[in-house]
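# Structural overview
What follows is the residue order along each chain.
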Amino acid sequence: MEEKLSHKIYAEIRNGIIDGEYSARDFLSEGQIAKKYGVSKAPVKEALHILADQGYLISYPRRGYMINTYSDEELDKIQEIRKTLEGLCVRLAITNASDEELETLRFYRYGETRALDPRETVNFKFHIGLARLSGNEFLVDTLIPLVIKASMNKIKCDPDIDNFDKIIDAMQARDEEKALQYLDEDIRYLKRKQ
């Protein structure tokens, strides 16, 4: 019963975060949530732990959990970093990966289009798959939290995959310039840069 209850609490808090019921940087405590749902702290602790693991919350020991959402300005800064790092991934993948390995990036077509775990989104799987083909595990480790943050922002939207095939085709043609152009179009800024 505790496990089932923790999943219910997890889903309600997660949906509240996605739907904007919680403000960015709000704090939640186990006690506050337990009181809200009229339950013990055990299922709440489990639910909050899962949400923190998925990137929805940031855990602060002995203080609680902070809602982990980002403003458009913050997301633009994340996108700026991603463009640079993923550009390096494209260049390394063009050099290091075979056409067959690059073709494996098309698996995104078979992914869950409405995943609510940011790590299960089509966007996350494609971009981290690209990073893995770079052959540099440190790029993968660096990009995972950035792509999670970007994926969370649009988690309820249909995936924007228009450029994925174009990126793959350009990389298979070993056309770095085109691949980087399509990557740049894919990793968009939310606010227009001046």
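Heads up: the structure comes first, above all this text.
Residues numbered from 1 in each chain as written. Predicted model: local features only at pLDDT ≥ 70, side-chain atom pairs only at ≥ 80, totals over all residues. Heavy atoms only, no water.

The next point concerns the pairing of strand β3 (residues 64–67). Looking at chain direction, strand β1 (residues 27–28) and β3 are connected through two bridges and run antiparallel. Residue Phe27 lies in a different strand from β3, and its bridge partner there is Met66. Sheet topology note: the strand β2 (residues 57–60)/β3 ladder contains four bridges and is antiparallel. Its bridge partner being in β3, Ile58 is matched across the sheet by Met66. In sequence, β2 turns back onto β3 through a hairpin of three residues, with Arg62 there showing a positive phi of about 65 degrees. (Pairing = 2+ DSSP bridges. Helix = DSSP H or I, 4+ residues; strand = E, 2+ residues; numbered from the N terminus.)

By the secondary structure assignment, Leu48 is in helix α3 (residues 41–54). Through-space distance from the C-alpha of Leu48 to that of Ile58 is 9.4 Å; in sequence the pair is 10 residues apart. Those residues in contact with Leu48 that lie beyond four places of it in its chain are Ile13, Leu28, Ser29, Glu30, Leu57 and Tyr65. (Contact = heavy atoms within 4.5 Å.)

All right, on to the side chain of Asn68 then. Looking at the element boundaries, Asn68 is found in the loop between β3 and α4 (72–96). Residues within four places of Asn68 in sequence aside, it is in contact with Gly55, Tyr56, Leu57, Ile58 and Met152.

What follows deals with the environment of Phe164. Note on placement: Phe164 falls in helix α8 (residues 164–172). Judged by relative accessible area, Phe164 falls into the buried class, the value being 0%. Linking Phe164 and Phe126, residues 38 residues apart in sequence, is a C-alpha distance of 7.8 Å. Other than its neighbours up to four places away in sequence, Phe164 contacts Tyr108, Val122, Asn123, Phe126, His127 and Asp186. (Buried < 20%, exposed > 50% of the residue type's maximum accessible area, 1.4 Å probe, protein only.)

This next bit is on helix α9 (residues 176–186). An α-helix turns once every 3.6 residues. As a result, residues three or four positions apart point the same way. Every buried residue belonging to α9 is among Ala179, Tyr182, Leu183 and Asp186, and all of these are buried. Along the axis of α9, the buried positions cluster into a sector of 105 degrees, meaning they face one direction only. For α9, the secondary structure elements touched by its buried residues are α4, α6 (122–133) and α8. (Arc of directions from axis to C-beta.)

Across the interface, α4 lies against α6 with an axial gap of 7 Å and an inter-helix angle of 55 degrees. Of the possible angle classes, the one that applies to α4 and α6 is oblique. With respect to the hand of their crossing, α4 and α6 are arranged in left-handed fashion. Contacts between α4 and α6 involve Arg82, Glu86, Cys89, Val90, Ala93 and Asn96 on the former and, on the latter, Asn123, His127, Leu130, Ala131 and Leu133. Considering only residue class, the contact of α4 with α6 consists of six nonpolar, three polar and two charged. (Axes fitted to C-alpha atoms, helices over the stretch in contact; angles between N-to-C directions. Parallel < 35°, antiparallel > 145°, perpendicular 65-115°, else oblique. Left-handed = near helix turned anticlockwise from the far one by under 90°. Nonpolar A, V, L, I, M, F, W, Y, C, P; charged D, E, K, R; others polar.)

Time to look at the sheet that holds β2. Taken in spatial order, the three strands make up an open sheet running β1-β3-β2, and their pairing is antiparallel. A strand with exactly one partner marks an edge of an open sheet, and here the two such strands are β1 and β2.

Inspection of the entire model under this criterion finds two aromatic pairs. Ring plane angle 50 degrees and centroid distance 5.5 Å describe the contact between Phe27 and Tyr60, whose orientation is recorded as tilted. Here the residue Phe27 occupies a position in strand β1, and Tyr60 occupies one in strand β2, the gap between them amounting to 33 residues. For Phe27, a relative accessible area of 32% gives the class partly exposed. When the ring of Phe126 is compared with that of Phe164, the centres are 3.8 Å apart and the planes differ by 5 degrees; the resulting orientation is stacked. Separated by 38 residues along the polypeptide, Phe126 in helix α6 and Phe164 in helix α8 bring together distant segments of the chain. Of the two residues, Phe126 and Phe164, neither departs from the other in class, the shared state being buried. The lysine or arginine in question, Arg63, covers the ring of Tyr60, its NZ or CZ lying 5.8 Å from the ring centre. (Phe/Tyr/Trp six-rings, centres within 6.5 Å; stacked < 30°, edge-to-face > 60°. Lys NZ or Arg CZ within 6 Å of the ring centre and 35° of its normal.)

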